[in-house]
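Residue-level listing of the chains:
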Amino acid sequence: MSVDSAAASAVAAPAGAGALGPRLRGSRPVLLPLAAAAAMLLGWQVADILLHVPSLVLPTPVEIGGELWRALPTLLAQALPTTRDTLMAFAAASVLGVGLAVVITYSPLLRDMLYPNLVFFQLVPKVALAPLFVIWLGIGSPSRVVFAGFVSFFPVVISAAVGLEGTDPAALRLCRSLTASEWRSFVLVRFPFALPAIFSGMKVAMTMAVIGVIIGEFISSQAGLGFYILNAGSRLDTPDVFAALVVLCALGVALYGAVALAERGVRRVYGRH
Amino acid sequence: MAVLEEIGQTGEAASPARFARGVLLPLGFAVLVILTWQILCEWLRVPPILLPPPSAVWAVLRDNYGILLQQALPTATETIVSFAVASLLGVALAVALTFSAWIREAFYPNLVMFQLIPKIALAPLFIVWLGVGEKTATVVAVFIAFFPVVVSSATGLVSAKPEVLQLCRSLAASEWQVFHMVRFPYAMPFIFAGMKVGVTMAMIGVVVGEFITVQKGLGYIILFAAGAGETATVLAAIVLLCGIGLALYGAVELAERVVRHRYGGAMPVGGVI
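Reading guide: rules and limits
Residues numbered from 1 in each chain as written. Chains lettered and ligands numbered in written order. Predicted model: local features only at pLDDT ≥ 70, side-chain atom pairs only at ≥ 80, totals over all residues. Helix = DSSP H or I, 4+ residues; strand = E, 2+ residues; numbered from the N terminus. Buried ≥ 20, exposed ≤ 12 C-beta atoms within 10 Å, placed from the backbone. Axes fitted to C-alpha atoms, helices over the stretch in contact; angles between N-to-C directions. Parallel < 35°, antiparallel > 145°, perpendicular 65-115°, else oblique. Left-handed = near helix turned anticlockwise from the far one by under 90°. Contact = placed C-beta atoms within 7 Å. pLDDT = per-residue confidence, 0-100. Core = buried A, V, L, I, M, F, W, Y, C linked by C-beta atoms within 7 Å. Nonpolar A, V, L, I, M, F, W, Y, C, P; charged D, E, K, R; others polar. Expected span 1.5 Å × (residues − 1). Bend = angle between axes of the 7 residues up to and from the residue.

Draft legend 1. Seen up close, the overall build of chain A. Along the backbone of chain A there are 10 helices and zero strands. Helices and strands appear in chain A in the N-to-C order α-α-α-α-α-α-α-α-α-α. For chain A, buried positions account for 40% of its 273 residues.

Structural data, given as structure tokens:
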């Protein structure tokens, strides 16, 4: 969504002050944010020590690092079910979402019937339905997968439908005048045109899938990072909470990165045609 | 969302056929789904714990509206407060980021990073910091709703057309004049796009906060009723939540129209994300 284009524009922003050497200036978009992050961590550490903040309230980054190192095997073992549930939910949401978007594109009647209702679902807080999925599917992994899939389905279908709808009419007319079949014009024109929109929907869906699984683990689970975080929180073991959060953030960014990478790969394949 | 505008436009076009298609068709479909749900529930004798018929949900709404509205009040207040705080902080930080290329480059990627990670997982930490209560749910919601606003606003504030900025410079406009006559109006669509995501996020944050801090509010009702197997009450509370969510989203949409109308006289605003 906006995130991606925003990041791109930030990276592409012309380097204003040219006091740096050319090589340094090239790596500025990478180094500067990293330096800022490092400075914030350092400030956190120093403030924590100077103000004698108890580690229960806010542990120092060094403490969190130590805890992370100590608990890493457990954390990775807990990350496994979370990752598996997220990927399953994301895959289901993507396939169903794109599928429904294709159906909607080819049937104006269905489109008019369903689309406003889909947008309605996009706007309401679906998270509130989480306890219902527990009633329906129990407290196991299926209820979390279905709930996360449900939450992440709507961004995909809406984004994909907008993308498929927004194909350049001139290109479609050209296809028709060249007597391309419906299928061929879909594969060669509509789908490639919609790819950026589909992927932006899938990126939102991936973050939503992680959120859905975590919320599912909050309210019903015996395993997973969400369970671990809630458990460590109720033990008031704040360093442990932070260590789990670090792993979870890494997981979230890695999964998002995987979608972004897939987008690049697919776009390159289609770009060659 | 584009869809809602589209519906509005078809309504204004005053062509009855298009009105029927754009408004009555989706509404009719929704009614049809609810009717089917009712009939299936009665025919198949679905136990009301699994899925109560819509009539049972309506009965709960009708008989207990006092209690439900009483619980809806804190939820609505928390959402509005957290959304307002998140919007103000988000736009303010975005403005601060615009004035220095260095600061922007240093912090913007970190903000985008935060946008990607599942922030909801930090909710248990807020309990450690702030205890259980309304305050925690509000702060969780602010934290979640803040990032979409700041990322989107910051993108908008740097997206003013270079020609216009050059014109301002050649007319010797002050930095402040450039800001409030060009940059800010140009950023309006982006700011509102961020605020629309923000308002749905604030709702999610409040509900999740109420899930895990359990004292009052619709999130509490939902979790409590789900635990007691009163699915009809869960659905009734969700209906109210959807109402609140849509009303707030509609309010933002309305505010956008009003603001655009005012700025529209002075400056054409184009190019939404």
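Draft legend 2. Spotlight on the overall build of chain B. Each helix and strand in chain B was counted, giving 11 helices and zero strands. Dimensions of chain B, computed from the C-alpha atoms along their principal axes, are close to 75 × 55 × 30 Å. Residue burial in chain B is summarised as follows: out of 273 residues, 42% are buried.

Draft legend 3. How the structure looks around the packing of helix 5 (residues 130-137) of chain A against helix 8 (residues 182-219) of chain A. Residue and element names in this part refer to chain A. In the contact formed by helix 5 and helix 8, the axes pass within 10 Å of each other and the chain directions differ by 70°. Here helix 5 is positioned roughly perpendicular relative to helix 8, judged by the angle of their axes. As for the relative orientation of helix 5 and helix 8, their crossing is right-handed in sense. Contacts between helix 5 and helix 8 pair Ala130, Pro131 and Val134 from the former with Ile215, Gly216 and Ile219 from the latter.

Draft legend 4. Spotlight on unusual backbone geometry. Residues and elements named next belong to chain A. Unlike most non-glycine residues, histidine 52 shows phi in positive territory, near 55°. If you trace the backbone, histidine 52 turns up in the loop between helix 2 (22-50) and helix 3 (61-106). Overall, histidine 52 belongs to the exposed group, with 6 C-beta atoms counted inside 10 Å.

Draft legend 5. Geometry of the confidence of the model for chain A. Residue and element names in this part refer to chain A. Averaged over chain A, the pLDDT score is 84; the fraction of residues at 70 or greater is 89%. Of all the helices and strands in chain A, helix 1 (residues 2-12) carries the lowest mean pLDDT, 42, while helix 3 carries the highest, 93. When the criterion is pLDDT under 50, residues 1-19 qualifies, and its contacts beyond four places in sequence or with other chains add up to 29 contacts.

Draft legend 6. Highlighting the nonpolar core. Core analysis: the biggest nonpolar cluster contains 137 residues, and Ala160(A), Ala209(A), Ala244(A), Ala145(B) and Val208(B) have the highest contact counts within it. With 20 residues, helix 9 (residues 175-213) of chain B is the single largest residue contributor to this core. In contact with Ala244(A), other than residues within four places in its own chain, are Leu75(A), Leu225(A), Tyr228(A), Ile229(A) and Ala232(A).

Draft legend 7. Quick look at the interface of chain B and chain A. Listed by partner, the interface residues are 57 residues for chain B and 55 residues for chain A. For the side of chain B that touches chain A, the elements supplying multiple residues, two or more each, are helix 1 (2-12), helix 2 (16-43), helix 5 (101-116), helix 6 (123-130), helix 7 (134-157), helix 9, helix 10 (218-227) and helix 11 (231-266) of chain B. Here the element with the most residues in the side of chain B that touches chain A is helix 5 of chain B; it accounts for 10 residues. Of the residues contributing to the side of chain B that touches chain A, the split by class is 46 nonpolar, nine polar and two charged.

Draft legend 8. Examining the confidence of the model for chain B more closely. Residues and elements named next belong to chain B. Overall, the predicted model of chain B reaches an average pLDDT of 83, with 91% of residues at or above 70. Across chain B, the secondary-structure element scoring lowest on mean pLDDT is helix 1, at 45, and the one scoring highest is helix 4 (residues 65-98), at 91. Predicted confidence is poor over residues 1-13, with pLDDT under 50, and the contacts of this stretch with residues over four places away or in other chains come to 16 contacts. For residues 265-273, every residue scores under 50 in pLDDT, and the model assigns this stretch 14 contacts once sequence neighbours within four places are set aside. Here the predicted complex scores 0.82 on pTM and 0.79 on ipTM.

Draft legend 9. Structural view of the environment of Gly250(B). Residue and element names in this part refer to chain B. Tracing the backbone shows glycine 250 in helix 11. Take glycine 250: there are 13 C-beta atoms within 10 Å of it, and that puts it in the partly exposed class. Separated by 213 residues in the primary sequence, glycine 250 and tryptophan 37 place their C-alpha atoms 28 Å from one another.

Draft legend 10. Helix 4 (residues 108-123) of chain A, seen in detail. For helix 4 of chain A, with 16 residues, the first-to-last C-alpha span of 23 Å sits near the 22 Å given by 1.5 Å per residue. Within helix 4 of chain A, the axis deviates most sharply at Leu114(A), by approximately 30°, and proline Pro116(A) lies no more than four positions further along.

Draft legend 11. Structural detail: the environment of Ile221(B). Residues and elements named next belong to chain B. Relative to the elements of secondary structure, isoleucine 221 occurs in helix 10. For the pair isoleucine 221 and alanine 236, spaced 15 residues apart in sequence, the C-alpha to C-alpha distance is 9.8 Å. Not counting residues up to four positions away in its chain, the partners in contact with isoleucine 221 are Gln71, Thr233 and Ala237.

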